[in-house]
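The primary structure of each chain is shown beneath.
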Amino acid sequence: TRDHSLVEEYRRQGLLSADQVQTHPLRHVLSRAVGPDPEVESEACTLALEQNDRLLLCTDGLTKMLTDAEIGKIMVQTEDVQAGCAELVAAANRRGGDDNVTVVLVLWRC
């Protein structure tokens, strides 16, 4: 899925640049969340996974601290998914860890 924050919505609409999103004072304001409303608008997609593919589920506490390339590098360099999760969280914290970091890494075995 994509980031459901107010400033990310503004970026997608062309109102803010990617650089502006990183430091905007409203960057933690959510545009969609579980809990405040009785109905939840979910987002779903279908993926074709192959043997040994890895699927990452994470919060923006990770993606705000590390680039996609950095995340991908850690994911492929770490054999064990539990060690991969620990390294992703540690890397985000080394960058300042200014938000909660939640990571789930799944190794697809069919």
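Residues numbered from 1 in each chain as written. Predicted model: local features only at pLDDT ≥ 70, side-chain atom pairs only at ≥ 80, totals over all residues. Heavy atoms only, no water.

A. Broad picture of the overall build of the protein. Scanning the protein for helices and strands turns up five helices and two strands. Along its sequence from the N terminus, the protein presents helices and strands in the succession α-α-β-α-α-α-β. Expressed as lengths along the three principal axes of its C-alpha atoms, the size of the protein is roughly 40 × 35 × 25 Å. Every one of the 110 residues in the protein was classed for burial, and the buried ones make up 21%. A fraction of 59% describes how many contacts in the protein between residues 6 or more apart in sequence connect residues 24 or more apart. Summing over all exposed atoms, the protein offers an accessible surface of approximately 7800 Å²; the carbon and sulfur share of this is 52%. Looking at charge distribution, the protein has the averaged site of its 11 positive side-chain charges lying 4 Å from that of its 18 negative ones. (Helix = DSSP H or I, 4+ residues; strand = E, 2+ residues; numbered from the N terminus. Buried < 20%, exposed > 50% of the residue type's maximum accessible area, 1.4 Å probe, protein only. Contact = heavy atoms within 4.5 Å. Areas by Shrake-Rupley, 256 points an atom, 1.4 Å probe, with all protein chains shown as cover. Lys, Arg positive; Asp, Glu negative; His and termini not counted. Charge placed at Lys NZ, Arg CZ, Asp CG, Glu CD.)

B. Looking closely at unusual backbone geometry. Despite not being glycine, N52 has its phi angle at roughly 70°, a positive value. With respect to the secondary-structure elements, N52 resides in the loop between helix 2 (18–23) and strand 1 (54–58).

C. Spatial organisation of helix 4 (residues 68–77). Among the residues of helix 4, I71, I74 and M75 are the ones counted as buried. All buried residues of helix 4 fall inside an arc of 100° around its axis, so they share one side. Among the exposed residues of helix 4, those oriented more than 90 degrees off its buried face are A69, K73, V76 and Q77. The elements touched by buried residues of helix 4 are strand 1, helix 3 (60–63), helix 5 (81–94) and strand 2 (103–107). (Arc of directions from axis to C-beta.)

D. How the structure looks around a nonpolar patch on the surface. Side chains of L47, L49 and W108 sit close together on the surface and give an oily, nonpolar patch of about 260 Å² of accessible area. Counting through the fold element by element, L49 comes out in the loop between helix 2 and strand 1. (Patch = residues over 30% accessible without salt bridge, like charges linked within 9 Å, V, L, I, M, F, W, Y side chains within 5 Å. Salt bridge = Lys/Arg side-chain N within 4 Å of Asp/Glu carboxyl O.)

E. Structural view of the environment of N93. Within the secondary structure layout, N93 lies in helix 5. On the basis of relative accessibility, which here comes to 43%, the residue N93 falls in the partly exposed class. Between the C-alpha atom of N93 and that of M65, which follows or precedes it by 28 residues, the distance is 8.0 Å.

F. Structural view of the pattern of salt bridges. Scanning the entire structure with this criterion turns up five salt bridges. Between R12 and E9 there is a salt bridge, and its shortest N-O distance comes to 2.8 Å. In this pair, R12 and E9 are both assigned in helix 1 (residues 6–12), three residues apart and thus about one turn of the helix distant. A relative accessible area of 29% means that R12 is categorised as partly exposed. We classify E9 as partly exposed; its relative accessible area is 24%. Ionic pairing is found between R94 and E87, a salt bridge with its closest N-O pair at 2.6 Å.

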